[in-house]
Amino acid sequence: MNPGKALISPAWRLAERAPLRARNTFGVQAHADLLLEVRDAAALPELFTNAALRDGPVLVLGGGSNLLFAADPPGVVLSPCGQDIRILDDGRGSNDDTVLVRAEAGVEWHAFVLWTLGHGLAGLENLALIPGTVGAAPIQNIGAYGVEAGERIHAVEAFDRNTGAIVKLSGADCGFAYRDSRFKREPGRWIITAVTFQLSRSADLRLGYAGITEALAQTGITTPTASQVAEAVCRVRRSKLPDPAVLGNAGSFFKNPIVAADLAAQLRQAEPQLPVFPGADDHSRKLSAAWLIDACGWKGHREGDAGVSDAHALVLVNHGQATGAQLLALARRIAASVSERFGVMLEPEPRVIGADW
Ligand code: FAD
Ligand code: EPU
């Protein structure tokens, strides 16, 4: 990879001073000094013998739907672009009906969900319409409507910058938790190149999450197919979350805070409306960040072009020309007000580039 000699190969494409506004769903302006799009993951070991990649900062960029550019990213921005989807094992020779499907990192997530449903495979229907790429799904273990991607991940293939090799990690090796994974806890180390999912021909549907059964009932469906669940999820999501194509945003800006069960009980006594959900164990509870922010009066708030959605208090929005720094400043003020009133610390869900939280 010598920009002086060649900028395009069959496996990758390198661009200088690339604008990133169309590559992040907040729609904030930023530039990459070097943008490297990698179509063939097998090229990564050789590419990373180049000093700029081996020793310098590298930001892996998927669909840009879970990051905030508070400044230009330093170093190289690397975008995995592989588009292959294939069935590795159709399950017909085994006793259970598990089907293994492998998708490369650059495949758009929602298109992949539709592909699996179109092939009669259930398992990802609750995760329909989440923006972004397959390669980013394991990073924060995307979740919605009672399902987390980690539950369906059989294996992750990733380039390990520590060793310079592509390795295959089992789902159990990925350390998945709520909006968390090994990849997130080891920042800068991994470039995910492909993910294999374990899906099923027989739909064991999860319909418990508030709103889904109701959305199905509204259309008279009592025993839905996986595709009908996905359609209901899409309807609920469209009614709650602003479309980034219309109004820049990155979905939930804060994670729902996990607190000690005692603190949750105290808060609930003072605020009986506060939604409290089970945590990972008996001693912890998950609170609703949206409710806490809403209670502090931020819903629909706007400062210039940086604001909070009037449809959902957890979603920061860019009304047009907001900078990443302005959105970050607003997010900090929101978190400070929640901390002051409730003693609960909010943490951002999107990765903040170019500034510390
Ligand atoms: P990016 O934003 O490009 O990157 C996110 C992080 O992953 C960065 O740290 C980046 O470096 C890293 N990364 C990306 N690709 C790779 C790779 N191949 N290898 C290594 N690191 C990588 N999330 C949910 O969990 N549930 C939801 O319901 C949900 N709803 C959303 C709704 C809206 C309207 C929006 C805008 C976002 C929503 N999100 C949700 C957040 C977001 O869609 C997901 O986190 C998604 O997985 C991000 O994918 P991406 O390709 O855009 O990643
Ligand atoms: N609420 C308010 N005010 C609002 C919005 C919501 O008080 O403006 C309260 C309501 O009481 C509601 C509760 O918050 O019952 C929870 O709201 P919602 O069901 O919309 O879920 P959420 O906790 O805000 C989480 C995820 C979403 C995911 C949905 C559905 C996080 C940080 N967010 O949102 O993921 O789609 O559940 O499963 O866990 C994302 O990560 O970007 C994202 C959108």
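Residue numbers restart at each chain and count upward from 1, following the sequence in its written direction. Here every chain gets a letter starting at A, and every ligand a number starting at 1, in the order they are written. In keeping with the model being predicted, local features are shown solely for residues with a pLDDT of at least 70 and side-chain atom pairs are shown and tallied solely at 80 or more, while totals for entire chains, interfaces and linings include all residues. Derived side-chain values reflect all non-hydrogen atoms in the structure, with water molecules and hydrogen atoms excluded from consideration.

> With reference to specific residues and values, describe helix 9 (residues 324-342).
Think of it this way: any DSSP run of H or I at least four residues long counts as a helix, any run of E at least two long counts as a strand, and we number them from the N terminus. Multiply 1.5 Å by the residue count of a helix minus one, and that product is the helix's expected span. Taking 1.5 Å as the rise per residue, helix 9 with 19 residues should run 27 Å; its terminal C-alpha atoms sit 27 Å apart, in good agreement. When helix 9 is considered as a whole, its buried residues turn out to be Gly-324, Leu-327, Leu-328, Leu-330, Ala-331, Ile-334, Ala-335, Ser-337, Val-338 and Phe-342. Throughout, exposure labels follow a simple rule: accessible area from a 1.4 Å probe, protein chains only, divided by the maximum for the residue type, with under 20% read as buried, over 50% as exposed, and the rest as partly exposed.

> Give me the lowdown on unusual backbone geometry, citing residues and values where you can.
Here the phi dihedral of Arg-17 falls at roughly 45 degrees; this positive angle occurs in a residue that is not glycine. Mapped onto the elements of the fold, Arg-17 is located in strand 1 (residues 12-19). A positive phi angle, close to 70 degrees, is found at Leu-129, a residue other than glycine. Mapped onto the secondary structure, Leu-129 falls in the loop between helix 3 (109-118) and strand 8 (143-144). Residue classification places Leu-129 among the partly exposed positions, given a relative accessible area of 23%.

> So what about the nonpolar core? Which residues, and what values?
Counting residues in each nonpolar core, the largest one holds 45 residues, and the members touching the most others are Phe-26, Phe-69, Phe-254, Ile-293 and Ile-334. Of all the secondary structure elements, the ones that give two or more residues to this core are strand 2 (31-38), strand 4 (67-69), helix 7 (261-270), helix 8 (289-295), strand 18 (306-308), helix 9 and strand 20 (351-353). Here, nonpolar core refers to any group of buried Ala, Val, Leu, Ile, Met, Phe, Trp, Tyr and Cys residues whose side-chain atoms link them within 4.5 Å. Judged by nonpolar contacts, the second largest core, of 42 residues, contains Val-101, Leu-121, Phe-197 and Ile-212.

> Report on the site of ligand 1, specifying residues and quantitative values.
Lining the immediate surroundings of ligand 1 are 34 residues, of which Val-60, Gly-62, Ser-65, Asn-66 and Thr-133 lie closest. Two N or O atoms count as a polar contact when they lie within 3.5 Å, although within protein this holds only if one can serve as hydrogen donor and the other as acceptor, and sequence-adjacent residues are included solely when both atoms are side-chain atoms. A distance of 2.9 Å is found between an oxygen atom of ligand 1 and a backbone nitrogen or oxygen belonging to Pro-131. For ligand 1, whose accessible area on its own is 980 Å², the fraction buried by protein is 94%. Mapped by element, the contributors of at least two residues to the shell around ligand 1 are strand 3 (58-60), strand 8, strand 12 (190-200) and strand 13 (248-252). All residues other than Ala, Val, Leu, Ile, Met, Phe, Trp, Tyr, Cys, Pro, Asp, Glu, Lys and Arg, Gly among them, are scored as polar; the first ten of these are nonpolar and the last four charged. Its residues assigned to classes, the shell around ligand 1 shows 17 nonpolar, 13 polar and 4 charged. Distances are taken per atom, and a residue is near a molecule or strand as soon as one of its heavy atoms is within 4 Å of it. All accessible-area figures derive from a Shrake-Rupley calculation using a 1.4 Å probe, and residue coverage is judged against the displayed protein chains alone.

> Lay out the side chain of Asp-160 in plain terms, naming residues and giving numbers.
By the secondary structure assignment, Asp-160 is in strand 10 (residues 153-160). Assessed through its relative accessible area of 3%, Asp-160 is described here as buried. Reaching out from Asp-160, the side chain makes a polar contact with the backbone nitrogen of Asn-162 at a distance of 2.9 Å. In what follows, a contact means two residues having at least one pair of non-hydrogen atoms within 4.5 Å. Contacts of Asp-160, omitting those with residues within four sequence positions, involve Ala-165, Arg-189 and Trp-190.

> Could you give me a rundown of the site of ligand 2, with the residues and numbers involved?
Taken together, 22 residues surround ligand 2, and among them Tyr-145, Tyr-178, Asp-294, His-312 and Glu-349 come closest. Here Tyr-178 contributes a side-chain N or O atom positioned 2.7 Å from an oxygen atom of ligand 2. Here Asn-256 contributes a side-chain N or O atom positioned 2.8 Å from an oxygen atom of ligand 2. Out of a free accessible area of 840 Å², ligand 2 has 81% covered by protein chains.

> With reference to specific residues and values, describe the sheet that holds strand 5 (residues 76-80).
Pairing is mixed in the open sheet, where 4 strands are placed in the order 1-2-5-3. Of all strands in the sheet, those with a lone pairing partner are strand 1 and strand 3, marking the two edges. Adjacent strand axes in the sheet meet at a mean angle of 25 degrees when their direction is disregarded. For two strands to pair, DSSP has to find at least two bridges joining them. Of the pairings in the sheet, the one linking strand 1 to strand 2 comprises 7 bridges and is antiparallel in character. Within the sheet, the bridge partner assigned to Trp-12 lies in strand 2 and is Val-38. Helix axes use the C-alpha atoms of the stretch in contact, all axes being lines fitted to C-alpha atoms, and the angles between their N-to-C directions lie in the range 0 to 180 degrees.

> Mind laying out the sheet that holds strand 19 (residues 315-318), listing which residues take part and the relevant values?
What links the strands of a sheet is backbone hydrogen bonding, and the strands pair in either a parallel or an antiparallel sense. One open sheet holds the 4 strands; their spatial order is 13-19-18-17, and the pairing between them is antiparallel. This sheet does not close on itself; its edge strands, each paired only once, are strand 13 and strand 17 (302-303). Two elements, strand 18 and strand 19, share 3 bridges in a ladder whose sense is antiparallel. Across the sheet, Val-308 pairs through a bridge with Leu-316, a residue of strand 19. Across the sheet, helix 9 is in contact with strand 17, strand 18 and strand 19; its angle to strand 18 comes to roughly 40 degrees.

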